[in-house]
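# Tertiary structure, described
Chain residues, written in single-letter form:
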Amino acid sequence: MFRKTRWGAVFLAPVLTVATLAATPAHAVEAAYERVLNGTFDSVKTPWWSSGSTPSTVDLGRLCADVPGGTVNPWDSMIGQNDIPLEAGQPYTLRFTASATRDVSIHAVLQLPAAPFTTTLNKTAAVTTTPKTFQFTGTSATADLHAQLSFQQGGAAEPFTLCLDDVSLTGGAIPPGGGRDFGSPVRTNQYGYAVHGPKRASVVDSSAEPMRWRLLDASGAVVKTGRTHVQGTDAASGDQVHIADFSSVRTPGTGYTLVAGDATSYPFAIADNPYTALRKDALGYFYDVRSGTPIEAQYAGDAYARPAGHVGVAPNKGDTDVPCLPGTCDYSLDVRGGWYDAGDQGKYVVNGALAAWQLMDSYERSRAEGDTAGLRDGLLSIPENHNGVPDVLDESRWETEFLLSMQVPAGEPLAGMVHHKVHDLAWTALPTRPDKDSQPRYLHAPSTAATLNLAAAGAQCARVWARYDAAFARTCLTAAETAWKAALAHPDVYAPGSDSVGGGAYADTDVSDEFSWAATELYATTHDRAYLSRIDTGLTPAGFSWRDTGALADLTVVRLPGRFPARLVAAARERVLAVADGFVRDERTQGYPNPSLPADGAYAWGSNSVTANNAMVIATAYDLTRRSAYRSAVLESLDYLLGRNALNQSFVTGYGTRFSHNQHNRIWAHQIDPKLPGPPPGSLAGGPDSALQDPVAQQNLVGCAPATCYIDDIYSYSTNEIAINWNSALAWVASFAADSAR
Ligand code: 9MR
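What counts and how
Residues numbered from 1 in each chain as written. Predicted model: local features only at pLDDT ≥ 70, side-chain atom pairs only at ≥ 80, totals over all residues. Heavy atoms only, no water. Near = heavy atom within 4 Å. Polar contact = N/O pair within 3.5 Å; in protein donor to acceptor, adjacent residues only side chain to side chain. Areas by Shrake-Rupley, 256 points an atom, 1.4 Å probe, with all protein chains shown as cover. Nonpolar A, V, L, I, M, F, W, Y, C, P; charged D, E, K, R; others polar. Disulfide = S-S within 2.5 Å. Helix = DSSP H or I, 4+ residues; strand = E, 2+ residues; numbered from the N terminus. Buried < 20%, exposed > 50% of the residue type's maximum accessible area, 1.4 Å probe, protein only. Domains from an automatic or database assignment. Core = buried A, V, L, I, M, F, W, Y, C linked by side-chain atoms within 4.5 Å. Contact = heavy atoms within 4.5 Å. Pairing = 2+ DSSP bridges. Expected span 1.5 Å × (residues − 1). Axes fitted to C-alpha atoms, helices over the stretch in contact; angles between N-to-C directions. Phe/Tyr/Trp six-rings, centres within 6.5 Å; stacked < 30°, edge-to-face > 60°. Lys NZ or Arg CZ within 6 Å of the ring centre and 35° of its normal.

### A word on the site of the ligand
Near the ligand the following residues occur: D341, A342, D344, G504, Y506, W546, W605, E721 and W726. In this structure, D344 approaches the ligand through a side-chain N or O atom, which is 2.9 Å from a nitrogen atom. Within the side chain of W546, a nitrogen or oxygen atom sits 3.0 Å from an oxygen atom of the ligand. The protein chains hide 79% of the 460 Å² of surface that the ligand would expose on its own. Residue composition of the shell around the ligand, grouped by class: five nonpolar, one polar and three charged.

Written as C-alpha cells, this is what we have:
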C-alpha cells in the first residue's frame with residue numbers, strides 16, 4: 001500500500017521528475033523486474049538510439065556501432081535508451097555482453113539525462129574482441145520515469161566497432177505497469193453538468209448490491225440522496241461499476257461533491273450552460289497552433305505568445321520556398337500558414353482537411369440550427385474577430401489556404417494533385433519552438449488521398465464562403481474541381497506507410513471512401529450530376545477518421561438535405577439514426593459513458609477522438625429527430641472526456657481537478673522545462689491506446705486494461721499527444737452542447 005501511494009504520487013505529480021519524493025523504503029528489495037526494452041536485439045533497434053557520430057544497426061541479434069576516432073569525451077559517442085523508470089532508494093543491476101574490434105574501455109552509465117544528472121551507476125568496462133559479460137550495481141537516489149541508460153565510448157584516437165547484446169537492467173519494487181492509483185472510486189464529470197441535462201456518476205465498488213449515495217453542496221449540506229444502479233463489470237476497464245443518477249437536481253452551483261460509501265468525488269459544478277467556455281477553448285486551440293504568423297499576446301495571452309514559425313527566418317528553412325524530397329519533383333512551393341498537426345510541426349493534408357471540414361461543418365450546423373452564438377464574429381480571441389465573418393470560418397480558412405497551397409501547379413506532370421504533407425527531415429527534440437526549428441523541410445509526393453481531401457474541403461469552402469467572400473469561394477471551387485479531375489486521372493497514388501521519419505505517414509491504401517466524400521461535397525456545392533454516381537459510401541458503426549472518410553458523405557447529406565435527391569437523404573438519415581442508436585447503446589451498456597465500444601475491445605491511438613466523433617454522429621441524430629435521449633448521450637460523452645472514466649482523468653486541459661497537462665508537444669513542454677507553459681486550456685489528449693505504441697507506455701502501462709492504457713507524460717506520444725483532428729472533434733461536440741444547453 002505504501003508503495004502504491006508513492007507511485008500514485010509520481011503518477012500525479014505535475015512534473016514526473018520527483019526527486020523530492022518520500023524517503024527510502026525501510027526494506028529495499030532487489031526485484032527481477034526488467035527495466036530495459038528490447039535488450040536482446042532480436043530484430044529491431046527501437047527504442048535504442050546512438051549519437052549522430054556513431055551509426056548503429058542490429059546485426060545477428062546484437063547492436064553494433066561504428067565508433068569514430070578522435071573524439072574527446074566519453075559522451076561524444078553514445079548508445080542509449082531513454083525513459084527508464086527508477087525508484088528512489090532501490091538497487092539496480094545492469095548486465096550486458098560486449099565485444100569490440102579491438103581492446104577498448106567503455107563506460108556504462110545510468111543517470112538522469114538532464115540537470116542535475118543524478119547518477120545511479122557509472123562504471124568502466126574493459127571490452128575485448130571476445131564477447132564478455134559485465135555486471136554492475138548501483139542504487140538510485142531519485143524517483144524518475146525518464147532515466148537514461150547509456151554506453152559511452154568516446155575519447156578513443158582510432159575508430160572501432162562495438163557490439164552489445166543481452167542488455168538487462170533489473171531492480172525496483174513496483175512491477176512494470178503496477179502501482180497506478182486513480183484516486184477516488186466516485187467518477188464524475190469533474191467540470192460541470194448542465195442544469196437541464198443528465199447528471200450521472202460511475203462508482204467503482206465490488207459489491208453486487210445497490211449502494212447509498214449523497215450529493216453535497218459546497219457547504220457540505222446534503223442536497224439529495226439515492227441508491228446506485230449496479231451496472232456490473234465494465235469490460236474495457238475490468239471495473240465493477242455502479243451508476244448514481246442525480247439528474248433531478250437542477251440547482252446551479254459550484255463545489256458539489258458526490259459521496260458513495262466512504263469515497264468522495266472531485267468537486268464539480270451544475271450550471272445552465274457549462275459548455276460555452278469549452279466551445280471557446282476547444283476552438284481557440286487552433287489559433288495557438290497556427291503556423292506562419294506571430295501568435296500575439298493580445299489574443300493568446302502572454303504565456304502562449306510566440307514568434308511566427310516557419311516563415312523563412314533563420315534558423316527556419318521554410319515554409320516559404322519548400323522543395324520536394326529529392327527525386328519527387330523539381331519545383332518548390334510557398335506553403336506557409338496552416339496549423340501544426342500535433343506535438344510535431346508537420347502539416348499533413350489529409351488530417352488538415354478533416355479538421356478544417358469539421359470546423360466548417362460546425363459552422364454549417366450552427367447555420368442550419370439557428371445557433372447564433374456559434375456563428376458569432378467575436379466568439380474567439382483571434383485577429384479576425386471583427387471582420388464580419390463568423391470566427392469559426394476565419395479559423396478554418398487559416399488551414400484551407402494552406403491546403404490550397406499544397407496543390408501541384410499547372411504545367412507540372414501531376415498538376416492538380418496535392419502534396420501529401422510537408423515536414424522536417426528528421427524528428428526535432430522536445431521542446432523546439434516552431435521559429436527555432438532548423439531542420440530542412442520537404443514536400444512529400446502527391447497522393448490521391450490528399451488530392452481528394454482538398455477536393456472535399458475545397459468544395460465545402462466554396463459553399464460556406466460564398467456569402468462572405470465570393471472570390472475566395474471561387475478559388476476554393478476551382479482548386480476542388482481541379483483536384484477531383486487529377487484524382488480521376490491518378491486514382492491510386494498512395495502515400496507509403498514507411499514514410500514516417502521526421503513526420504507521420506498518414507498512409508491510406510483505400511481511397512474509395514475519399515472519392516465518395518469528395519463527390520458528396522462537390523455535388524452539394526455544384527449540383528453537377530457527374531458527382532452523384534460517385535457517392536457510394538455511408539455511415540457504418542466503424543464511424544470515421546482521417547483514414548476512413550466514407551461516413552462524412554452521410555453527415556453532409558443530412559446536414560444539407562435540400563441539396564440532395566430525396567432518396568439519398570432518406571437512406572443517409574436511416575443510417576445515421578441506426579448507427580447513432582448503436583453508439584447510444586454502447587455508451588449505456590458500459591460502466592463509463594463512452595459511445596465507442598470496439599468489437600475487439602482495443603482502444604486505438606487517439607481513442608478520445610473516436611469518442612468525440614461518435615458523439616458527433618449522435619448529435620446529428622438529435623438534430624434530425626430532437627429526441628432528448630440523443631442529446632443526453634452526447635452530454636454524457638463529454639462526461640466521459642471530462643473525468644467520468646476508468647482513469648478518473650479529465651482529458652481536456654484546464655477542465656476539472658485532475659486534467660491532462662503534459663500532452664506530447666514541442667511548444668508547450670512544461671514537463672521538461674518549467675519555464676514553458678503547458679498546453680492551453682481546451683487541449684484534448686489522445687487518450688487510452690491499448691497497443692502501447694511508445695516506450696513510456698511500454699515501460700509503465702504493461703498489462704493495462706484497454707480503457708486505462710494512458711499516461712499523462714509528455715513522452716507518451718501514443719496515448720498523450722494533441723492533434724488538430726482530435727480538437728476539431730471536441731470543438732464540434734462542445735459547440736453542439738453549448739447550443740443545445742441554451
Ligand atoms: O492520429 C494518427 C493515428 O491514427 C495513427 O495510428 C498514428 C500512427 O501512425 O499517427 C497518428 O497521427 C500522428 C501523425 O502521424 C504525426 N503527427 C501526430 C499525429 C497524432 O499522434
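Additional details are given in the paragraphs that follow.
### Quick notes on the state of the cysteines
On inspection of all chains with the given rule, the structure shows four disulfides. Residue pairing for C64: its cysteine sulfur links by disulfide to C163, the two sulfurs lying 2.1 Å apart. Between C64 and C163 the sulfur-sulfur dihedral comes to about 115°; the bridge is accordingly right-handed. Residue C64 is found in strand 3 (residues 62-67), and its partner C163 is found in strand 10 (residues 160-171); the two are separated by 99 residues along the sequence. Like C64, the residue C163 is buried in the burial classification. Sulfur-sulfur distance for the disulfide between C324 and C329 comes to 1.7 Å. Here the disulfide of C324 and C329 is right-handed, its torsion about the S-S bond being about 80°. Take C324: its relative accessible area is 5%, and that puts it in the buried class. Take the cysteines of the protein chain that form disulfides and number them in order along the sequence; they join up as 1-2, 3-4, 5-6, 7-8.

### Looking at the domain arrangement of the protein chain
What the domain assignment lists for the protein chain is domain 1 (18-171), domain 2 (186-271) and domain 3 (313-564). Centre-to-centre separation of domain 2 and domain 3, based on C-alpha positions: 42 Å.

### Brief notes about the nonpolar core
Counting residues in hydrophobic clusters, the biggest one holds 146 residues, and the most contacted among them are F564 and L638. Each of domain 2 (186-271) and domain 3 (313-564) accounts for three or more of the residues forming this core. In contact with L638, other than residues within four places in its own chain, are N189, Y275, L278, L730, V733 and A737. Grouped together as the second largest cluster of nonpolar side chains are 33 residues, A98, L121, F134 and A156 included.

### Side note on the sheet that holds strand 26 (residues 441-443)
Strands sit in the order 23-25-26 across an open sheet of three strands; the sheet is antiparallel. Each edge of the sheet is formed by a strand with only one pairing partner; in this case those strands are strand 23 (347-348) and strand 26. Examined bridge by bridge, strand 23 and strand 25 (residues 421-424) share two bridges and lie antiparallel to one another. In the strand pairing of strand 25, K347 is matched with V422.

### Notes on the environment of V167
Mapped onto the secondary structure, V167 falls in strand 10. The exposure class of V167 is buried, given its relative accessible area of 4%. Residues V167 and Y33 lie 134 residues apart in sequence; the distance between their C-alpha atoms is 13 Å. Once residues within four sequence positions are removed from consideration, V167 is found in contact with V36, G39, F41, W48, L94, R95, F96, L149 and F151.

### Examining helix 12 (residues 628-641)
Helix length check: helix 12 (14 residues) gives 20 Å between terminal C-alpha atoms against 20 Å at 1.5 Å per residue, within 8%. Turning to helix 12, its buried residues are Y630, R631, S632, A633, V634, L635, E636, S637, L638, D639, Y640 and L641. Those residues of helix 12 that are buried lie in contact with strand 12 (192-194), strand 13 (200-204), helix 2 (276-288), helix 10 (566-589), helix 11 (607-625) and helix 14 (724-740). Among the residues trailing helix 12, G643 stands out with phi positive, at a value near 130°.

### Here's the deal with the sheet that holds strand 8 (residues 132-139)
The strand order across the open sheet built from five strands is 2-3-10-5-8, with neighbouring strands paired in antiparallel fashion. In this open sheet, the two strands that pair with only one neighbour each are strand 2 (56-59) and strand 8. On average, each strand axis in the sheet is inclined to that of its neighbour by 30°, with strand direction left out of account. One ladder, built from four bridges, connects strand 2 with strand 3; its direction is antiparallel. Each bridged residue has a counterpart across the sheet, and for S56 the counterpart in strand 3 is A65.

### Some details on the packing of aromatic side chains
On inspection of all chains with the given rule, the structure shows 31 aromatic pairs. Measuring from centroid to centroid gives 5.5 Å for F41 and W48, while their planes differ by 50°, and the two rings are tilted. A relative accessible area of 0% places F41 in the buried class. On the basis of relative accessible area, W48 is assigned to the buried category, the value being 4%. Seen from their ring centres, F286 and W339 are 4.6 Å apart, and the 50° between their planes marks the pair as tilted. Here F286, found in helix 2, pairs with W339, found in the loop between strand 22 (332-333) and strand 23; they are 53 residues apart in sequence, far enough to count as distant. For the pair shown, F286 and W339 are each scored as buried. Residue placement shows R290 over the ring face of W398; its charged tip is 4.6 Å from the ring centre. Over the ring of F515 we find R534; its NZ or CZ atom is 4.7 Å from the centre of that ring.

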